[in-house]
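The lines below spell out each chain.
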Amino acid sequence: MMEKTCVIIKPDGVCKKVSGDIIKKFDGEGLKLVAVRMIKPEKQVMENFYSVHKDREFFKPLVDFVCSAPVIVMVWEDENAVAKVRGIVGSTNSKEAADGTLRNIFGTDNRRNVVHASDSAENAQKEIAFFFKPEEIAQYDYNDWQ
Ligand code: CMP
């Protein structure tokens, strides 16, 4: 199924200057970039974004971390984009992420794991709406660019 997924390059990815490598990986895997913006997120926005984790001990450090520097929010589109992107990104804990995944290559630990990626198509729609209006998402056949 054609899906959109929300990907965030977190402060560690931006500050380590690997944003280009991360985008290049998704491009190279055939995904289509349909929206992108750099923001310095508001605490309240990210508290809402991560509200499913609000009772976990890592919630406050997670929100503090993700608001500590600019992030790059993106929407990528493809057949089964949610699962495809999660495979490229790797397990939440960078130390356990499979060889060659983004978190394995660029991540540090559970929190500094360079990239957020939606865990379902339903959540992807909710997450995308935090950062983009519908009209800000490209609707164009990229095979038709000439
Ligand atoms: P992300 O994909 O952004 O979604 C939720 C985030 O919570 C996750 O990446 C991690 O950075 C963080 N997280 C999940 N589990 C833990 C944990 N056990 N300890 C610290 N941070 C966690």
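The notes below deal with the structure included here. (Residues numbered from 1 in each chain as written. Predicted model: local features only at pLDDT ≥ 70, side-chain atom pairs only at ≥ 80, totals over all residues. Heavy atoms only, no water.)

1. Description of the environment of valine 34
Line of reasoning, step 1. Tracing the sequence through the fold places valine 34 in strand E2 (residues 32–39).
Line of reasoning, step 2. Separated by 80 residues in the primary sequence, valine 34 and valine 114 place their C-alpha atoms 20 Å from one another.
Line of reasoning, step 3. Leave out the neighbours within four places in its chain, and valine 34 touches Lys4, Val75, Glu77, Glu136, Ile137, Ala138 and Tyr142. (Helix = DSSP H or I, 4+ residues; strand = E, 2+ residues; numbered from the N terminus. Contact = heavy atoms within 4.5 Å.)

2. Regarding the sheet that holds E2
Note: strands within a sheet are paired through backbone hydrogen bonds, in either parallel or antiparallel orientation.
Line of reasoning, step 1. Strand order across the open sheet formed by four strands is E2-E3-E1-E4, with antiparallel pairing between neighbours. Edge positions in the open sheet fall to E2 and strand E4 (115–117), since each of these has one partner strand only. In this sheet, neighbouring strand axes are inclined to one another by 20° on average, regardless of whether the strands run parallel or antiparallel.
Line of reasoning, step 2. Pairing between strand E1 (residues 2–9) and strand E3 (residues 71–79): eight bridges, direction antiparallel. By the bridge assignment, isoleucine 9 is partnered in E3 with isoleucine 72. (Pairing = 2+ DSSP bridges. Axes fitted to C-alpha atoms, helices over the stretch in contact; angles between N-to-C directions.)

3. Overview of the packing of aromatic side chains
Line of reasoning, step 1. A complete count under the given rule lists six aromatic pairs for this structure.
Line of reasoning, step 2. Centroid distance phenylalanine 49 to phenylalanine 131: 5.6 Å. Interplanar angle 45°. Geometry classified as tilted. Here the residue phenylalanine 49 occupies a position in helix H3 (residues 43–49), and phenylalanine 131 occupies one in helix H7 (residues 121–131), the gap between them amounting to 82 residues. Summarising the burial analysis for this pair, phenylalanine 49 and phenylalanine 131 share the class buried.
Line of reasoning, step 3. An angle of 45° between the planes, with centres 6.4 Å apart, marks the rings of tyrosine 140 and tyrosine 142 as tilted.
Line of reasoning, step 4. With relative accessibility at 44%, the residue tyrosine 140 sits in the partly exposed group.
Line of reasoning, step 5. Taking relative accessible area as the criterion, tyrosine 142 reaches 35% and is therefore assigned partly exposed.
Line of reasoning, step 6. Grouping aromatic residues by their ring pairs yields a cluster made of Phe49, Tyr50, Phe130 and Phe131. (Phe/Tyr/Trp six-rings, centres within 6.5 Å; stacked < 30°, edge-to-face > 60°. Buried < 20%, exposed > 50% of the residue type's maximum accessible area, 1.4 Å probe, protein only.)

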